[in-house]
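Next come the chains, spelled out residue by residue.
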Amino acid sequence: MAGNWKMYKTPAETKAFFETLLPLVAQSTHADMAICPPFVDIAAAVEAAAGSRVAVGGQNCEYRKEGAYTGEISAPMLKAAGCSCVIIGHSERRQYYGETDATVLLKTKAALESGLQAIVCVGELLADREAGKTNDVLTTQFDGGIAGLTPEEFAKIVIAYEPVWAIGTGKVATPEIAEDAHKVIRGLVAGKFGADAADKVRILYGGSVKPNNVKGLMEQPDIDGALVGGAALEAVSFSQLVNF
Ligand code: 13P
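We now turn to the structure provided with this report. A quick note: this is a predicted structure, and the numbers were derived from the prediction, not measured. (Residues numbered from 1 in each chain as written. Predicted model: local features only at pLDDT ≥ 70, side-chain atom pairs only at ≥ 80, totals over all residues. Heavy atoms only, no water.)

## Overview of the packing of helix H5 (residues 101-113) against helix H7 (residues 134-144)
(1) Moving on: Closest axis-to-axis distance for the H5/H7 pair is 8 Å, and the angle between their directions is 45°. Taken together, the axes of H5 and H7 lie oblique to each other. In the packing of H5 onto H7, the handedness of the crossing is right-handed. Contacts from Asp101, Ala102 and Leu105 of H5 reach H7 at Thr140, Gln141 and Gly144.
(2) Moving on: The class makeup of the residues in the contact of H5 with H7 is two nonpolar, three polar and one charged. (Axes fitted to C-alpha atoms, helices over the stretch in contact; angles between N-to-C directions. Helix = DSSP H or I, 4+ residues; strand = E, 2+ residues; numbered from the N terminus. Parallel < 35°, antiparallel > 145°, perpendicular 65-115°, else oblique. Left-handed = near helix turned anticlockwise from the far one by under 90°. Contact = heavy atoms within 4.5 Å. Nonpolar A, V, L, I, M, F, W, Y, C, P; charged D, E, K, R; others polar.)

## Concerning the environment of alanine 178
(1) Moving on: Examined against the element boundaries, alanine 178 turns out to sit in helix H9 (residues 175-193).
(2) Moving on: Residue alanine 178 is classed as buried on the basis of its relative accessible area of 0%.
(3) Moving on: For the pair formed by alanine 178 and proline 76, sequence separation is 102 residues and the distance between their alpha carbons is 33 Å.
(4) Moving on: In this view, alanine 178 contacts Tyr161, Ala173, Tyr205, Leu217 and Ile223; residues no more than four positions away in its chain are not counted. (Buried < 20%, exposed > 50% of the residue type's maximum accessible area, 1.4 Å probe, protein only.)

## A word on the packing of helix H1 (residues 11-25) against helix H12 (residues 235-242)
(1) Moving on: Running from N to C, H1 and H12 cross one another at 30°; their axes reach a closest spacing of 9 Å. On the basis of their axis angle, the class for H1 and H12 is roughly parallel. As H1 runs across H12, the sense of the crossing is right-handed. Residue-level contacts link Phe17, Thr20, Leu21, Leu24 and Val25 of H1 to Ala235, Val236, Phe238, Ser239 and Val242 of H12.
(2) Moving on: Of the residues contributing to the contact of H1 with H12, the split by class is eight nonpolar, two polar and no charged.

## Observations regarding the nonpolar core
Soluble globular proteins tend to pack their nonpolar side chains together in the buried interior.
(1) Moving on: Grouped together as the largest cluster of nonpolar side chains are 64 residues, with contacts concentrated most on Ile146, Phe154 and Ile159.
(2) Moving on: No other element matches H9, which puts six residues into this core.
(3) Moving on: Within the second largest apolar cluster, 11 residues are counted, among which are Ala34, Cys36, Ile87 and Leu204. (Core = buried A, V, L, I, M, F, W, Y, C linked by side-chain atoms within 4.5 Å.)

## Section: H5
Residues three or four positions apart in an α-helix share a direction because the helix packs 3.6 residues into each turn.
(1) Moving on: With 13 residues, H5 should reach 18 Å at 1.5 Å per residue; the first-to-last C-alpha distance of 18 Å fits that figure.
(2) Moving on: By the burial criterion, the buried members of H5 are Asp101, Val104, Leu105, Lys107, Thr108, Ala110, Ala111 and Leu112.
(3) Moving on: Glycine 115 sits one or two positions beyond H5 and adopts a positive phi of about 85°. (Expected span 1.5 Å × (residues − 1).)

Next up, the structure:
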């Protein structure tokens, strides 16, 4: 269960979040948990989460290690700051910051090389879905990004299916719609990396996941967890997702 805070919260707010969250998930050993705050909150999150099962992750990284790239943060920097994972290729990065399947692949490799787990995002736009192109889009994103990993690299990633029309809109995909897409993605994995890899890879659903709809989603056989925006900003709500 992963929270993507996007561009919300200060270090002080981060500290307060963890103070409330940790007792609520102290017994929650059934799920891996991660919070991905803005870069400037990572130090506060790492300090606050120390000794707990809640991992801290970045929301993006540059694929080069260091250099004259103003405003960028590299994967080794995230690792050194105490992160254990990083979100790669979120639709907001693709939409507003020009990320492509090619940069997703570079960033995923950079993250893995630095010892970070990569949470690699795919998902279609509303127009794609309405045009009946959901599977084509997922296939293109998979082929252009994830399929370029070696089997060893692939074994270390988590995939997040985030239909863009469901993100921040309150329009959650029905469990059946999400399950269909997850099945397509698992099929793509099987085709490229084999049945065992397809069986093992964790595929998270993201897009308007809330405490009142998480259970139906998690009951689907191919949905292994969630990548959550809005409902991960509040500690009680995030704990309810973890403990659904
Ligand atoms: P919401 O849960 O706010 O729809 O955001 C989903 C998301 O983009 C998580 O990465």
